[in-house]
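If you want the building blocks of each chain, they are given just below.
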Amino acid sequence: LLGWAALDQGDRVGGIVFNDQTHLETRPRRSRKSLLRLIHDCLSFNHRLGEPEHAQPHNHFSDMIMAAQRTSRHGSLIFIISDFSSFGPDLETRLNQLGRHNDLHGIQVVDPLDRELPAPGRYSITDGIGIQEIDTRSRHARSRHIAQFEARTTQVQRAFQKVQGRFTQVAAFEQPDDYLPQFFDQRGGV
């Protein structure tokens, strides 16, 4: 919806979709075909989420931010949509560089389990390759999990504030109508 609104305003739309193994870039253009390609790339990567990955990760979030810096023009409005789970000093440095000449908006997609562990108990989880058991009965572990999530979120918020960017947290289960209106101005533009 953000892309369609930008196209309706006559703006260019592009993006980078990536996972740990590969990425696809759609260069910014004023083209419905280009936007549809970006949407297709998002869907394609989404369908691969459940597939096990056997290779070592080699795509790093900070490298993708650097790629965005290469492909964007100064003064671009850039939305970074992520869970920001791998946020660290290198990524913060890249955001600072990208934010010097662009308007940044971070959208953190949060699963409820990111914020808080499930009810106390023992759970088996899998990544599609192996199975691991987690024990959420420890009050200390539950508190530490919440504290780590809040610390990372604060770190990400501060990084966007440093570059006068905006930051929004969105629950994974929310419907777009619940949060998208805040990204549009009164005329319906982004």
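Fair warning: this is a prediction, and the values are worked out from it, not measured in the lab.

Another point: the overall build of the protein chain. Counting its regular elements, the protein chain contains seven helices and seven strands. Taking 190 residues into account, the globule formula puts the C-alpha radius of gyration at 16 Å, and the protein chain, at 18 Å, falls close to it. Overall size of the protein chain, expressed as C-alpha extent along the three principal axes, is 55 × 35 × 35 Å. Sorting the 190 residues of the protein chain into buried and exposed places 34% on the buried side. When contacts within the protein chain are restricted to residue pairs at least 6 apart in sequence, long-range pairs at least 24 apart make up 65% of them. When the accessible surface of the protein chain is totalled, it reaches about 12,200 Å², and 50% of it is carbon and sulfur.

A separate point is the nonpolar core. Ile80, Phe84, Leu95 and Phe160 are the most contacted members of the largest nonpolar core, which totals 16 residues. Those elements that provide at least two residues to this core are α3 (61-71), β3 (77-82), α4 (89-99) and α6 (139-162). Ala6, Val13, Leu35 and Leu38 belong to the second largest nonpolar core, which has seven residues in total.

A side chain of one charge can pair with a side chain of the opposite charge when the charged atoms of the two come close. A complete count under the given rule lists four salt bridges for this structure. Linking Glu25 and Arg70 is a salt bridge whose minimum nitrogen-to-oxygen distance equals 3.9 Å. Taken together, the residues Glu25 in strand β2 (residues 23-29) and Arg70 in helix α3 connect sequence positions 45 residues apart. The exposure class assigned to Glu25 is partly exposed, which follows from its relative accessible area of 23%.

Where α4 contacts α6, the two axes come as close as 9 Å, and the packing angle between them is 25°. Considering their axes alone, α4 and α6 lie roughly parallel with respect to each other. Pair α4 / α6 crosses with right-handed handedness. Contact with α4, carried on its side by Glu92, Leu95 and Asn96, involves Gln155, Ala159, Phe160 and Lys162 of α6 and no other residues of that element. For the contact of α4 with α6, a count of residues per class yields three nonpolar, two polar and two charged.

The next subject is the sheet that holds strand β7 (residues 166-171). An order of β3-β4-β7 is seen for the three strands of this open sheet, with the pairing classed as parallel. Bordering the open sheet on either side are β3 and β7, each of which pairs with just one other strand. Sheet twist, expressed as the average angle between the axes of neighbouring strands with direction ignored, equals 20°.

A few words on the side chain of Thr26. Within the fold, Thr26 resides in strand β2. When its relative accessible area of 4% is taken as the criterion, Thr26 is described as buried. If sequence neighbours within four positions are ignored, Thr26 has contacts with Gly14, Gly15, Ser34, Arg37, Leu38 and Asp41.

On to the pairing of β3, then. By the alternation rule, side chains of β3 split into Ile78, Ile80 and Ser82, which are all buried, and Leu77, Phe79 and Ile81, of which none is buried. Pairing between β3 and strand β4 (residues 103-110): six bridges, direction parallel. The partner of Phe79 across the bridge, within β4, is His105.

Parameters and conventions
- Residues numbered from 1 in each chain as written.
- Predicted model: local features only at pLDDT ≥ 70, side-chain atom pairs only at ≥ 80, totals over all residues.
- Heavy atoms only, no water.
- Helix = DSSP H or I, 4+ residues; strand = E, 2+ residues; numbered from the N terminus.
- Rg over C-alpha atoms; globule rule 2.2 N^0.38 Å.
- Buried < 20%, exposed > 50% of the residue type's maximum accessible area, 1.4 Å probe, protein only.
- Contact = heavy atoms within 4.5 Å.
- Areas by Shrake-Rupley, 256 points an atom, 1.4 Å probe, with all protein chains shown as cover.
- Core = buried A, V, L, I, M, F, W, Y, C linked by side-chain atoms within 4.5 Å.
- Salt bridge = Lys/Arg side-chain N within 4 Å of Asp/Glu carboxyl O.
- Axes fitted to C-alpha atoms, helices over the stretch in contact; angles between N-to-C directions.
- Parallel < 35°, antiparallel > 145°, perpendicular 65-115°, else oblique.
- Left-handed = near helix turned anticlockwise from the far one by under 90°.
- Nonpolar A, V, L, I, M, F, W, Y, C, P; charged D, E, K, R; others polar.
- Pairing = 2+ DSSP bridges.

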